[in-house]
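Chain by chain, the residues run as shown.
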Amino acid sequence: MISRINKIVLSSLCIILVSAFTYSTKNDLRLNNNDDMLDHKVDSLLAIMTLEEKVGQMNLYNGFWEVTGPVPEEGDAKTKYEHLRKGWVGAMLSVRGVDNVRKVQQIAVEETRLGIPLIIGFDVIHGYKTLSPIPLAESASWDLEAIEKSARVAAVEASAAGINWTFAPMVDISRDPRWGRVMEGGGEDPYLGSKIAAARVKGFQGNDLSQPHTIAATAKHFAAYGFAEAGREYNTVDMSISKLYNTVLPPFKAAAEKDVKTFMNSFNDLNGEPVSGSKYLQRDILKGEWNFKGFVVSDWASINEIIYWGRAKDKREAAEIASTAGSDMDMEGHVYIRELVKLVEEGIVDESIINEAAGRILKVKFELGLFDNPYKYCNKDNEKKLIGQQSHHDAVLDMAKKSIVLLKNDNNLLPLKKEGQNIALIGPLANDKNSPLGSWRIASDDHTAVSILEGMKAYDGNEITYKKGVDLVIGNTAFIQEVKINTTDRAGMEDAVNAAEQADVVVMVLGEHGFQTGEGRSRTELDLPGLQQELLEAVYKVNKNIVLVLQNGRPLTIEWAAEHIPTILEGWQLGTQAGNAIAQVLYGDYNPSGKLPMTFPRNVGQIPIYYNYLNTGRASNREGNVFWSHYIDQKNSPLYPFGHGLSYTTFDYSDLSIESSGNTIKDDVNLSVTVSNIGNYDGKEVVQLYIRDLVGSLVRPVKELKGFELISLKKGETKRIDFKLTKAELGFYNNDGKFIIEPGDFEVFVGGSSDTKLKGRFTLN
């Protein structure tokens, strides 16, 4: 509790601040939050801050002591605590729970000179306590409304726990499933990725950030992190301006246009420049071309890592490079707080750089409503009432069902009959309640997912025999540790094979452990880890009626399974309600409608493989000899293409119509297609529109997604679906980063996958 004298001082300062802001009432401070008024408030506050306090706003610390326990009295924790009490900390991360957040906020508000509140950040990636599917799985739904709702659920729970800032969404485009962080993103396509980025930002931030249960979002990782060489985490990136603008940047731009409040730097370099020190990315593009008004935060110690890249000789130079390049907040690098004041005093860094960065951070605090009520996120009743409520479980179950992709269903093994069958449920993940939670679920409790065994037992008309077969991992698993894979213990395999031999149908649940994907989890082999392939083949020898359910965080190389196993269901890592979602799809209570957001390769040698590739000069075997772009030991085609996903029913596409007469580069192009459900079930279909610019000033991809619509069709129903191609869809960025639209001939493809054959043609004059 602050003393009476301190309270008087604090009150006096509040009066001075209100006078400086030239607003006469607290109501004015709350309600007048347009940009001009916010900028005036920020400038007025900056005018009475010391240089040290402004640099302090640029300093982000991780939680460093047991907040409700004794004050730290030694080491790094003591230093951080002293900085907090001096007002030299602008934000903290990994402090969660109302009691803990209130404690650190009290120090910032009631014990510092100016009482500036903290922003409290956390990695809310696919839920807080109640977990949605991993983001890559959500992207397979192509359901923007559901994705937005999923982020909204996460925001409600996180804000109830005291958090007001999430380090999500990750909007990195990646074409390399070896990279473990593909599980956090929207897949390989910039158009789909942009739509998903906007939906997630809106879900987190709502329409008004000052309203209850909203949190500031972060578009990360800026930029090109998904193109790390060889898919190896934290590796180097080298790419053209054309690829940067046409493939990497669109989802970030979409997030900026949705008024995302923060951007986060990535760990890679770009063309030899560590991106935390990239003026080109941060000042020229983000804050220049895009006029971004929020602030840029480094990733964990990435400013300090400019030294390890060899771009800076020490922390002093790293601080100069990053701050002048436009990186506003230093996350756990301890660089700004140690060096920036001296750099300004010595005239090496202009104080206007500090004012801009601190001002951007303060503005977000105003937008969050923290100056009106620093404790608005510290409501114990909300924490108890909102976290884990039933409506959130219902929402993540709905999201999980929509994320499932039916890759193959020969002989119509699915849906399963609900009674009269003897089903063998086999696999190390079939009764796992931890792995389905996925990676990046720091606030959730271990072993809280509904397992597939539990989900299937909710249907009591069949005889289910469960056998693990083999263990996938050895020992315990943890977020910060590498998973140890079982490659020798086959003790349960014989029992599993015997159970399969007696069954009518075998459901096998195989894949990756949840902690085999995510940050720091790059792989050079993408087959089924450990002894799982051996188990699958052993079961296949005695019973070919196999439904393979995959649980994984990235595309896998399952060519043997695709050739031999009749039915394959991509079940990802679906979060808290995983088992219920998969069981409802297996038994036909939900007809799968998911479509792949990433291409599945046949083997690792094909990677990177993606649908929107360039044609090259020798794309086909025109001469009948070996001299064309191909492999001598594998097909060029993927195992499963981008956009692929089956249903229990069948959809027919016909009568593609294009209004093309008189079109110029200034006109929109209108298209329509007929879609019919000619199967035996009601179902949903993602109608996908692709174009090809046949001749351009730069070589254009063979196909580019430029529109999609998720529709529902009852059995026997037909709908006419309309699309419009505008300038945004018809143009592209040139090698100067300029958006251009060129006249010429275009092909249009419409269907249920990127390999659709239904096409038309139009000309822009």
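Remember, predicted model here, so these are calculated numbers, not experimental data.

### Some words on helix α5 (residues 75-86)
Then step 1. The first and last C-alpha atoms of α5 sit 17 Å apart over 12 residues, in line with the 16 Å expected at 1.5 Å per residue.
Then step 2. Along α5, the residues classified as buried are Ala 77, Lys 80, Tyr 81, His 83 and Leu 84. On an axial view of α5, the arc spanned by its buried residues comes to 160°, and they lie on one face.
Then step 3. As for α5, its buried residues are in contact with β1 (59-62), β2 (91-93), α6 (98-110) and α15 (336-345).
Then step 4. Positive phi appears at Gly 87, one or two residues downstream of α5, with a value of about 80°.

### A look at a nonpolar patch on the surface
Then step 1. Residues Val 626, Phe 627 and Ile 632 make up a contiguous nonpolar surface patch of roughly 370 Å² in combined accessible area.
Then step 2. On the secondary structure map, Phe 627 appears in the loop between α23 (578-586) and β17 (651-659).

### Some points on the packing of helix α3 (residues 35-47) against helix α16 (residues 351-367)
Then step 1. With their axes 9 Å apart at the nearest point, α3 and α16 run at an angle of 125° to one another. Between α3 and α16, the crossing angle belongs to the class labelled oblique. The two elements α3 and α16 cross, and the hand of that crossing is right-handed. Contacts between α3 and α16 involve Asp 35, Leu 38, Asp 39, Lys 41, Val 42, Leu 45 and Leu 46 from the first element and Asn 355, Ala 358, Gly 359, Leu 362, Lys 363, Phe 366 and Glu 367 from the second.
Then step 2. Along the lines of polarity and charge, the residues of the contact of α3 with α16 split into seven nonpolar, two polar and five charged.

### A word on the sheet that holds strand β18 (residues 669-677)
Then step 1. Across the sheet, which stays open at both edges, the three strands sit in the order β17-β18-β21 with antiparallel pairing between neighbours. The open sheet has two free edges, formed respectively by β17 and β21 (718-725), since each of these has just one partner strand. On average, each strand axis in the sheet is tilted by 20° relative to the strand beside it, whichever way the strands run.
Then step 2. Direction of pairing for β18 relative to β21: antiparallel, over a ladder of eight bridges. Residue pairing across strands places Val 673 opposite Ile 721, the latter belonging to β21.

### Some remarks on unusual backbone geometry
Then step 1. For the peptide bond that leads from Lys 220 to His 221, omega is 0°, which places it in the cis range.
Then step 2. Within the secondary structure, His 221 is located in strand β5 (residues 218-222).
Then step 3. Residue Leu 414 is joined to Pro 415 through a cis peptide bond whose omega torsion reads 0°.
Then step 4. As for its position among the elements, Pro 415 is in the loop between β11 (405-409) and β12 (422-426).
Then step 5. The phi dihedral of Trp 440 falls on the positive side, at around 55°, and the residue is not glycine.
Then step 6. On the secondary structure map, Trp 440 appears in the loop between β12 and α19 (452-457).
Then step 7. Note on Trp 440: relative accessible area 6%, which makes it buried.
Then step 8. A positive phi angle is found at Thr 616, which is not glycine, with a value near 70°.
Then step 9. Take Thr 616: its relative accessible area is 47%, and that puts it in the partly exposed class.

### Regarding the pairing of β1
Then step 1. Residue alternation in β1 divides its side chains into two sets, Asn 59 and Tyr 61 and Leu 60 and Asn 62, and both sets are buried.
Then step 2. As defined by bridge partners, β1 adjoins β2 across three bridges and the pair is classed as parallel. Across the sheet, Leu 60 pairs through a bridge with Ala 91, a residue of β2.
Then step 3. The parallel pair β1 and β2, bridged by α5, forms a crossover whose chirality is right-handed.

Criteria and thresholds
Residues numbered from 1 in each chain as written. Predicted model: local features only at pLDDT ≥ 70, side-chain atom pairs only at ≥ 80, totals over all residues. Heavy atoms only, no water. Helix = DSSP H or I, 4+ residues; strand = E, 2+ residues; numbered from the N terminus. Expected span 1.5 Å × (residues − 1). Buried < 20%, exposed > 50% of the residue type's maximum accessible area, 1.4 Å probe, protein only. Arc of directions from axis to C-beta. Contact = heavy atoms within 4.5 Å. Patch = residues over 30% accessible without salt bridge, like charges linked within 9 Å, V, L, I, M, F, W, Y side chains within 5 Å. Areas by Shrake-Rupley, 256 points an atom, 1.4 Å probe, with all protein chains shown as cover. Salt bridge = Lys/Arg side-chain N within 4 Å of Asp/Glu carboxyl O. Axes fitted to C-alpha atoms, helices over the stretch in contact; angles between N-to-C directions. Parallel < 35°, antiparallel > 145°, perpendicular 65-115°, else oblique. Left-handed = near helix turned anticlockwise from the far one by under 90°. Nonpolar A, V, L, I, M, F, W, Y, C, P; charged D, E, K, R; others polar. Pairing = 2+ DSSP bridges. Right-handed = clockwise from strand over helix to strand, strands pointing away.

Spatial relationships are all this shows, so hold off on functional conclusions.
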